[in-house]
Amino acid sequence: MTSYEYRAPVDMAADELFGFMARPESLPQHLPGLETTTPEVDTGGRRISWEEGGYRGEVVVVDDGPGRSQVAIAVKTEHGGDVRRELEEAVAALAHRATGEAESSATADENSWY
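The following paragraphs examine the structure supplied in this document.

Analysis parameters
Residues numbered from 1 in each chain as written. Predicted model: local features only at pLDDT ≥ 70, side-chain atom pairs only at ≥ 80, totals over all residues. Heavy atoms only, no water. Salt bridge = Lys/Arg side-chain N within 4 Å of Asp/Glu carboxyl O. Helix = DSSP H or I, 4+ residues; strand = E, 2+ residues; numbered from the N terminus. Buried < 20%, exposed > 50% of the residue type's maximum accessible area, 1.4 Å probe, protein only. Pairing = 2+ DSSP bridges. Axes fitted to C-alpha atoms, helices over the stretch in contact; angles between N-to-C directions. Contact = heavy atoms within 4.5 Å.

**Quick word on the pattern of salt bridges**
And step 1. This structure, assessed with the given rule, holds nine salt bridges.
And step 2. Note that Arg47 and Glu58 form a salt bridge whose closest N and O atoms lie 3.0 Å from each other. With Arg47 in strand β3 (residues 47–52) and Glu58 in strand β4 (residues 55–63), this pair connects stretches of sequence that are 11 residues apart.
And step 3. A relative accessible area of 28% means that Glu58 is categorised as partly exposed.
And step 4. Glu51 is the partner of Arg56 in a salt bridge, and the nearest nitrogen-oxygen pair spans 3.7 Å.
And step 5. Members of the salt-bridge network, linked through shared partners, are Arg23, Glu25 and Glu101.

Following this line, the structure appears as structure tokens:
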């Protein structure tokens, strides 16, 4: 099994980003192998881990200052291909969806008069 790691900054508070990622429907849309397993969620450590067949992984969200965080993802897999690029794309898509959802929610709250 080969190990891969990727870390990226996200312009979003760590607790808010982790809350998005910890929802059951968030990760399986972007990370293969999670469709049939239930990830283990450690809210206090902002850590999500899973194991499915020949695929193991972990996502950790770390506070990186006000309104900023770091997402670290590590996987072990027998899957070939460009796994690092797949991790980069998955983290980018998750961060994009999380920040978009947060902005949409904030806009709705600000415009609640209509």
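**Notes on the sheet that holds β4**
And step 1. Judged by pairing direction, the sheet is antiparallel, and its five strands sit side by side in the order β1-β5-β4-β3-β2 without closing on themselves. The open sheet terminates on both sides in strands that have one partner only, identified here as β1 (2–10) and β2 (40–42). The average undirected angle you get between the axes of adjacent strands in this sheet is 10°.
And step 2. Of the pairings in the sheet, the one linking β4 to strand β5 (residues 69–77) comprises nine bridges and is antiparallel in character. By the bridge assignment, Val60 is partnered in β5 with Ala72.
And step 3. In the packing of helix α1 (residues 14–22) onto the sheet, contacts are made with β1, β2, β3, β4 and β5, and the angle to β4 comes to roughly 155°.

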